[in-house]
Amino acid sequence: MTASENPFAILKASTRDRKSHLNELADEAALHGDNDAAVDARNVLSNPRTRLAAEVAWFPGLSPKRITLTLEHIALGGSPALNGFNALSCANFLVETLVACSKGGPAELRQGIEALASHVEDIDVDDVLQAINEDRQAAGLPPVTDPPLVQAEINERVKHYERTATALLEDLPSLEMVAVYEGLISDSTNEGEDIGYRLIDALIDSYELKVSSFLSEEAGRIKELIERAKAAADKHVSERQIRASVNEIISALRIWDEVAQPIQLAYKSRGLTHDESKDLAFTARDLVIHLFNKHGYLDDAKLVSEAIQELFSEVAAVSDKVEEDIKALDDFAIERAERKKNEAESEAKFAREITYNTEFGLIFKDKFRISPEGFDYKGSLIPLEQITGVRWGAVKKSTNGIPTGTDYYFGYGTRTSSVLLQPNQHQYQAIIQRAWQAVCIRILLGWMEDWSKGLKVTIAGVEVSDDGLVLRRGRFLKEDETKFFTWFDVSKGTHNGSLNFYGKADKKFTTSFSYKDGWNVHILDFAIDKIWEGKARKLSKIFGN
């Protein structure tokens, strides 16, 4: 009840008036107002049992003059001077000021509620019982002997404070209302670190009931946005679309958390976890994991993680886990930056080491260039990754047994075309050196991957396995005999520009590869040398595991 509705106010009675005087006051009130209200008020105050609710809702222990002056001051919009008043009387005066506070705006209403809540904390059932019994003794009424009865009425009174404050808060625009609730619980609990004021906790509980429907529906909508973002990433949409989805989700989370913030702080102050906040935060964290682990969206994953950390900092189970996520993402970002730097340096070094320009021809010059873009001859560029074979060799010339020079050959090609160059010795050496880095290593690594899978690689028409190759033995008027030999069962030699293999047990089993005319024979020779140097027992392992 409000002060004006209290039986003491209706009769203009003092808490120390005796029954006879209450009858007189009731008769006088009936002449000038509502007869039934006056009679009801007299009956309530005359009965020791029904009187208790009115006493707790009034100002026990205070003189009528101080009560009247204070209520008049409040009615004029002033702030009451409460020095020397007991906590219950202070609270009952302050609840009367809340309407005036609300007219001063959200900040003033918040201050009024905080002041009221502070005095509610100081209400002591023994002090109230003593004040009431002193008044009753003067009024000639039996004392209250059961403290729990007083406590029950105090509890009801606190509910009145709560209802009054809630009604005024609900009259505020939505965003202002939420901001006031957050400010109340934040100040009351020291940002969720301490136990809050009893009244403000009750206000937040009421607030939670009112916003639960919005939070539930909006959480469902946000989860749908998260699932769409995951599906979009799986479909490999553009990074711009992913970023737009991430920003939309973060904006929605921000609005949701703004409404949920007062509840989160209240739960934190009680050592509890707001399950709905935890559930939504971890659903958002699932998006972080999906974007980063499955698709490598580091920047977007960090954006979502940082938003979760900021918005759900009051939910310990969330903030601790997300803090670990952010540290891991930061570490990976540093690692990625370092890797990009190293890759850029490696690419620059690769470009420096393989880039080569020269010309062929005495009069009409044909330009040839090796670069990271590919092999370019006469303006026809073949990208490095499309080159599937290289071959080179030198042929010494003589006339009548007298050496007359050496012809050098270098060829490269794809599955459908090839180019054959005739460089001089200097060009020949320079081209081979760069071809190894530009093409040969890549081709060898591709073979090694195939060999590790148990596949065979065809080189110059011969099938080469991971652990050996097939040699042939010619037979008169019969088809050649073939037999598989491991790398440790064959001998290797070179003669007249060819790479030759012989069976150790039977040298009639043999095969031959032309360095000049056979594609990638030099690469095979290099790989086999690694085995015979003791680097491995299989070609797929020549560079280790």
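Check the entry above for the structure.
All of these numbers come straight from a predicted model, not from anything done at the bench.

Trainee: Which residues make up the packing of aromatic side chains, and what values go with them?
Mentor: What the rule picks out here adds up to 22 aromatic pairs. For the pair Tyr408 and Tyr428, a centre-to-centre distance of 4.8 Å together with 45° between the ring planes defines the contact as tilted. Of this pair, Tyr408 sits in strand 6 (residues 402-413) while Tyr428 sits in helix 16 (residues 425-452); the two residues are 20 residues apart in sequence, bridging distant segments of the chain. You can call Tyr408 buried: its relative accessible area is 15%. On the basis of an interplanar angle of 90° and a centroid distance of 5.9 Å, the ring pair of Phe501 and Phe513 is categorised as edge-to-face. Placement of Phe501 in strand 13 (residues 498-503) and of Phe513 in strand 14 (residues 510-514) is noted, with a sequence separation of twelve residues between them. Given a relative accessible area of 1%, Phe513 falls into the buried group.

Trainee: Give a detailed account of the packing of helix 10 (residues 174-189) against helix 11 (residues 198-234), specifying residues and quantitative values.
Mentor: Between helix 10 and helix 11, the least distance of the axes is 10 Å, while the angle of their chain directions is 145°. Considering the relative orientation of helix 10 and helix 11, their crossing is left-handed. Across the interface between the two elements, Met177, Val178, Tyr181, Leu184, Ile185 and Ser188 from helix 10 touch Ile200, Asp201, Leu203, Ile204 and Tyr207 from helix 11. Tallied by class, the residues present in the contact of helix 10 with helix 11 amount to nine nonpolar, one polar and one charged.

Trainee: Break down the sheet that holds strand 7 (residues 418-421) for me, citing the residues and quoting the values.
Mentor: Read from one edge to the other, the open sheet built from three strands follows the order 5-6-7, with strand pairing classed as antiparallel. In the strand order of this sheet, the two ends are held by strand 5 (389-399) and strand 7, each with one partner. Recorded for the sheet is a direction-independent mean angle of 20° between the axes of neighbouring strands. Taken together, the eleven bridges between strand 5 and strand 6 define a ladder with antiparallel strand orientation. When the bridges of strand 6 are listed, Lys396 appears paired with Thr406. In the packing of helix 16 onto the sheet, contacts are made with strand 5, strand 6 and strand 7, and the angle to strand 5 comes to roughly 155°.

Trainee: I'd like a description of the state of the cysteines, backed by residues and values.
Mentor: According to the stated counting rule, one finds zero disulfides in the structure shown. Cys90 takes part in no disulfide bond, and the closest cysteine sulfur to it belongs to Cys101, at a distance of 14 Å.

Trainee: Tell me about the pairing of strand 3 (residues 374-377), and name the residues and values.
Mentor: Note that strand 2 (residues 366-371) and strand 3 share four bridges and pair antiparallel. When the sheet's bridge partners are listed, Ser371 is paired in strand 3 with Gly374. What sits between strand 2 and strand 3 in their antiparallel hairpin is a turn of two residues. The sheet contact formed by strand 3 and strand 4 (residues 380-382) spans three bridges and is antiparallel. Across the sheet, the residue bridging to Asp376 is Leu381, located in strand 4. Counting the residues in the hairpin turn of strand 3 and strand 4 gives two residues, including Lys378, whose phi is positive at 55°.

Trainee: So what's going on with the environment of Val125? Which residues, and what values?
Mentor: Along the chain, the position of Val125 falls in helix 8 (residues 125-139). Separated by 25 residues in sequence, Val125 and Val150 have C-alpha atoms that sit 6.6 Å apart.

Trainee: How would you explain the sheet that holds strand 3 if you had to name every residue and give the values?
Mentor: Taken together, four strands build an open sheet; the order of strands is 1-2-3-4 and the sheet is antiparallel. Edge positions in the sheet fall to strand 1 (356-360) and strand 4, since each has one partner strand and no second. The average undirected angle you get between the axes of adjacent strands in this sheet is 15°. Across five bridges, the pairing between strand 1 and strand 2 is antiparallel. In the strand pairing of strand 2, Glu359 is matched with Lys367. Of the strands in this sheet, strand 1, strand 2 and strand 3 are in contact with helix 16, which crosses strand 1 at around 135°.

Trainee: Just give me the short version of the pattern of salt bridges, but keep the residues and values in it.
Mentor: Overall, the coordinates contain 26 salt bridges when judged by the stated rule. Taking the shortest distance from any N to any O, the salt bridge between Arg110 and Asp187 comes out at 2.5 Å. Of this pair, Arg110 sits in helix 7 (residues 106-121) while Asp187 sits in helix 10; the two residues are 77 residues apart in sequence, bridging distant segments of the chain. Judged by its relative accessible area of 26%, Arg110 falls in the partly exposed class. Note that Lys268 is salt-bridged to Glu193, the shortest N-O span being 3.0 Å. In this pair, Lys268 sits in helix 12 (residues 239-269) while Glu193 sits in the loop between helix 10 and helix 11, placing the two residues 75 residues apart along the sequence. Accessibility expressed as a relative area gives 26% for Lys268, which makes it partly exposed. One network of salt bridges, with partners in common, ties together Arg51, Glu55 and Arg136.

Cut-offs and rules
Residues numbered from 1 in each chain as written. Predicted model: local features only at pLDDT ≥ 70, side-chain atom pairs only at ≥ 80, totals over all residues. Heavy atoms only, no water. Phe/Tyr/Trp six-rings, centres within 6.5 Å; stacked < 30°, edge-to-face > 60°. Helix = DSSP H or I, 4+ residues; strand = E, 2+ residues; numbered from the N terminus. Buried < 20%, exposed > 50% of the residue type's maximum accessible area, 1.4 Å probe, protein only. Axes fitted to C-alpha atoms, helices over the stretch in contact; angles between N-to-C directions. Left-handed = near helix turned anticlockwise from the far one by under 90°. Contact = heavy atoms within 4.5 Å. Nonpolar A, V, L, I, M, F, W, Y, C, P; charged D, E, K, R; others polar. Pairing = 2+ DSSP bridges. Disulfide = S-S within 2.5 Å. Salt bridge = Lys/Arg side-chain N within 4 Å of Asp/Glu carboxyl O.

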